[in-house]
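# Structural overview
Okay, here's what each chain looks like letter by letter:
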Amino acid sequence: LNFPLSSNLQSFKAAYAGEEPTPSKFQREVSAMLGQQMGWIHVFEYRTAEGFSLDLADPKSKRAIEVDGPSHYLRDVLSGDYVVNGPTEFKARLLRCLGWTVAHVAFHEW
């Protein structure tokens, strides 16, 4: 199997990072509360060098807040509990590997 991943890396990154973020009302509320009421200076919709979009971030300290709406969760049929979905968990793992500390604000806990 000859798959030249490294030669296609830039096109993969461009496809991944090509979508414009669409911030939610929930995300704006969290940003306003953290900025205005708590004084946390952050970048709204920050894009990392690797192409990841972070909802709220302080790039210098590599700390971020992800504001997770319903699309980030699955619902356990038996218990009704919300469970983080695979893509959200995978992104969190990748960001940790890149040295980011990420906190999550869940819509159902806000």
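Our structure is the block above this text.
It should be emphasised that the depicted structure is a prediction, and the values quoted were computed from it without experimental measurement.

### Observations regarding the pattern of salt bridges
Opposite charge on two side chains makes pairing possible when the charged atoms of those side chains draw close. If you walk through the whole model with that rule in mind, you get 3 salt bridges. Glutamate 89 is paired through a salt bridge with arginine 93; the nearest N and O atoms lie 4.0 Å apart. In this pair, glutamate 89 and arginine 93 are both assigned in helix α3 (residues 86-97), 4 residues apart and thus about one turn of the helix distant. According to the relative accessible area criterion, arginine 93 is partly exposed, its value standing at 45%.

### Structural notes on the pairing of strand β3 (residues 63-68)
Taken across its 6 residues, β3 has 5 buried, putting it largely inside the fold. Sheet topology places strand β2 (residues 53-58) next to β3; 3 bridges connect them, and they run antiparallel. Each bridged residue has a counterpart across the sheet, and for aspartate 58 the counterpart in β3 is arginine 63. A loop of 4 residues connects β2 with β3, the two strands running antiparallel in sequence, and lysine 62 in this loop sits at a positive phi of about 55 degrees. The pairing of β3 with strand β6 (residues 101-106) spans 6 bridges and is parallel. Its bridge partner lying in β6, glutamate 66 is registered against histidine 104.

### Re helix α2 (residues 25-37)
Between its first and last C-alpha, α2 extends 17 Å over 13 residues, near the 18 Å set by a 1.5 Å rise per residue. Listed as buried for α2 are Phe26, Gln27, Val30, Ser31 and Leu34. The arc that holds every buried residue of α2, seen down its axis, measures 135 degrees, which confines them to one face. The exposed residues of α2 that point more than 90 degrees off its buried face are Lys25, Gln36 and Gln37. Residues of α2 that are buried in the fold lie against β1 (43-47), β2, β3 and β6. One or two steps after α2, the chain reaches glycine 39, where phi turns positive at roughly 75 degrees.

### Some details on unusual backbone geometry
Generally, phi is negative for residues other than glycine and the peptide bonds are trans, each holding for most cases. You will see that glutamate 45, though not glycine, has its phi angle at about 55 degrees, which is positive. Of note, glutamate 45 is situated in strand β1. Residues other than glycine seldom take positive phi values, yet lysine 62 does so here, at roughly 55 degrees. Examined against the element boundaries, lysine 62 turns out to sit in the loop between β2 and β3.

### A few points about the side chain of asparagine 85
When you line up the elements, asparagine 85 lands in the loop between β5 (82-84) and α3. Here serine 71 takes part through its backbone oxygen, which lies 2.8 Å from a polar atom of the side chain of asparagine 85. Residues in contact with asparagine 85, not counting those within four places in the same chain, are Ser71, His72, Tyr73 and Leu74.

Calculation notes
Residues numbered from 1 in each chain as written. Predicted model: local features only at pLDDT ≥ 70, side-chain atom pairs only at ≥ 80, totals over all residues. Heavy atoms only, no water. Salt bridge = Lys/Arg side-chain N within 4 Å of Asp/Glu carboxyl O. Helix = DSSP H or I, 4+ residues; strand = E, 2+ residues; numbered from the N terminus. Buried < 20%, exposed > 50% of the residue type's maximum accessible area, 1.4 Å probe, protein only. Pairing = 2+ DSSP bridges. Expected span 1.5 Å × (residues − 1). Arc of directions from axis to C-beta. Contact = heavy atoms within 4.5 Å. Polar contact = N/O pair within 3.5 Å; in protein donor to acceptor, adjacent residues only side chain to side chain.

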